[in-house]
Amino acid sequence: MRKPIIAGNWKMNKTLSEAVAFVEEVKNNVPSTDKVDAAIGAPAVFLAPMVEAAKGSDLKLGAQNMYDKDSGAYTGETSPAMIADLGVTYVILGHSERREYFGESDAFINSKTKKAFEHGLTPIVCVGETLEEREGGKFEEVIKTQVEGGLADLSADQVKQLVIAYEPVWAIGTGKSADEADAQSSCKYVRDVVKGLYGEDVAAAVRIQYGGSVKPENIKEYMAQEDIDGALVGGASLEAASFLKLLEAI
Ligand code: PEP
């Protein structure tokens with residue numbers, strides 16, 4: 001049985017006081033980690049006070065990105081060592097916005113994934129096709145390339161531990177969510193690619209989230225699908241009440 005994981009992705013939103021107020025509001029209402037893993041991927045500058053505010057609760061924190069080096073002359077970057085030292089649990093890697101606006105390649109995402117493990121962080125590796133790719137019949141080719149590239153040369157144990165977020169780019173922040181049968185078949189395809197790379201046991205263990213305009217009104221339909229183990233949620237994770245409703249639906 002794979003434990004569901006619901007992770008918020010706040011992107012570049014909120015102020016520090018709003019971020020801490022969110023944690024104060026949700027932390028005592030987050031369901032037990034026996035049932036579901038709940039996390040917020042927050043801007044790096046909010047992580048330390050958010051970890052502090054969430055102490056003693058089942059709410060975990062995630063970074064939205066990191067560099068693939070431990071330290072050094074990389075002005076403006078945040079290292080995995082810095083993030084891990086704060087008590088952060090997850091790191092979102094290869095989000096489509098990072099691929100699109102910051103030119104992140106599968107090789108770079110793979111390098112960051114390996115680094116995240118070196119520092120005890122759990123990577124949430126994002127994959128997903130654009131509308132053009134989908135309509136051009138390239139879904140399988142794009143997803144296979146991203147999964148194989150992002151997950152290259154990991155150990156079976158590492159792949160079992162990480163989370164893959166399947167997020168069709170056309171469904172992110174658009175209000176146009178994928179229909180649940182489509183999301184299921186896409187997540188199953190992701191699992192099949194993992195099976196081809198790491199075998200049946202690993203594929204059966206790895207958690208795959210769907211992401212793309214998930215909200216309290218539609219999360220149950222996704223969670224009812226065999227190969228969907230949770231959701232990566234942008235807009236609907238920003239308000240405490242909405243985030244809690246997502247968790248209550250599990
Ligand atoms: C995301 O940011 O990964 C995302 C899925 O956003 P939204 O839920 O707003 O579509």
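An unreviewed UniProt entry lists the chain under the name Triosephosphate isomerase, with Exiguobacterium aurantiacum as the source organism. For the record of the chain, the UniProt heading Sequence similarities (unreviewed entry) holds the text "Belongs to the triosephosphate isomerase family." Regarding the chain, the relevant UniProt record gives this comment under Catalytic activity (unreviewed entry): "D-glyceraldehyde 3-phosphate = dihydroxyacetone phosphate".

**Concerning the UniProt feature "binding site: substrate" (unreviewed entry) in the chain**
UniProt marks Asn9, Trp10, Lys11, Gly173, Ser213, Gly234 and Gly235 with the feature "binding site: substrate" (unreviewed entry), using the numbering shown here. A maximum C-alpha distance of 14.0 Å among these annotated residues, which run over 227 residues, shows that they cluster at one spot. Lining the largest pocket, from the residues named above, are Asn9 and Lys11. Its location among the elements puts Trp10 in the loop between strand E1 (5-9) and helix H1 (16-26). If near-sequence neighbours (up to four positions away) are discounted, Trp10 is found in contact with Ala19, Phe22, Ile40, Gly41, Ala42, Pro43, Met50, Gln64, Ser237 and Leu238.

**Things to note about empty space enclosed by the protein**
All told, the structure shown has one cavity of 30 Å³ or more when counted by the stated rule. Put simply, the largest cavity is a space of about 30 Å³. Contributing elements (two or more residues each) for the lining of the largest cavity: helix H4 (96-102) and strand E5 (122-127). Its residues assigned to classes, the lining of the largest cavity shows two nonpolar, four polar and two charged.

**Observations concerning the packing of helix H7 (residues 139-150) against helix H9 (residues 180-198)**
The geometry of H7 relative to H9 is characterised by a closest axis approach of 10 Å and an angle of 50 degrees between their N-to-C directions. Comparing the axis directions of H7 and H9 gives the class oblique. For H7 against H9, the interelement crossing comes out right-handed. Every residue of H9 that contacts H7 at Phe139, Glu140, Ile143, Lys144, Val147 and Glu148 is listed here: Ser186, Tyr189, Val190, Val193, Val194 and Leu197. Among the residues making up the contact of H7 with H9, the classes are represented as eight nonpolar, one polar and three charged.

**As for the layout of surface pockets**
What the largest pocket holds in volume is close to 590 Å³. Forming the walls of the largest pocket are 22 residues, and the residues nearest its centre are Lys11, Met12, Gln64, Asn65 and Arg98. Among the elements that line the lining of the largest pocket, the one with the most residues is H4, at four residues. Of the residues contributing to the lining of the largest pocket, the split by class is twelve nonpolar, six polar and four charged. One number sums up the size of the second largest pocket: a volume of about 170 Å³. What lines the second largest pocket is a set of 18 residues, and nearest its centre among them are Ile172, Gly173, Ser213, Gly234 and Gly235. Of the residues in the lining of the second largest pocket, the class split is five nonpolar, ten polar and three charged.

What counts, and at which threshold
Note that residues are indexed from 1 along each chain, following the sequence as it is written. It should be noted that, the model being predicted, local features are given only for residues of pLDDT at least 70 and side-chain atom pairs only at 80 or more, the latter also being counted only at that level, while totals for whole chains, interfaces and linings use all residues. Think of the side-chain values as coming from all heavy atoms in the structure, minus any hydrogens and water. UniProt positions are given in the numbering used here, feature names are shortened, and annotations may be inferred rather than shown by experiment. The pocket and cavity definitions rest on a 1 Å grid over protein atoms only: a 1.4 Å probe that fits but cannot leave marks a cavity, an open set with protein on both sides within 12 Å along at least five of seven lines marks a pocket, and residues lining either have an atom within 4 Å of a point. Starting at the N terminus, helices and strands are each numbered in turn, a helix being any DSSP run of H or I of at least four residues and a strand any DSSP run of E of at least two. Two residues form a contact once any of their heavy atoms are found within 4.5 Å. Grid points are joined across faces, edges and corners, and a volume is the space filled by probe spheres set on the points. Only Asp, Glu, Lys and Arg are considered charged in this grouping, and only Ala, Val, Leu, Ile, Met, Phe, Trp, Tyr, Cys and Pro are considered nonpolar; every other residue, Gly among them, is considered polar. Here an angle of 0 to 180 degrees is reported between the N-to-C directions of two axes, which are lines fitted to C-alpha atoms, with helices fitted over the stretch in contact. Small angles under 35 degrees read as roughly parallel and large ones over 145 as roughly antiparallel, with 65 to 115 read as roughly perpendicular and the rest as oblique. In this scheme the handedness of a crossing depends on how the near helix is turned from the far one: anticlockwise by less than a right angle means left-handed, clockwise means right-handed.

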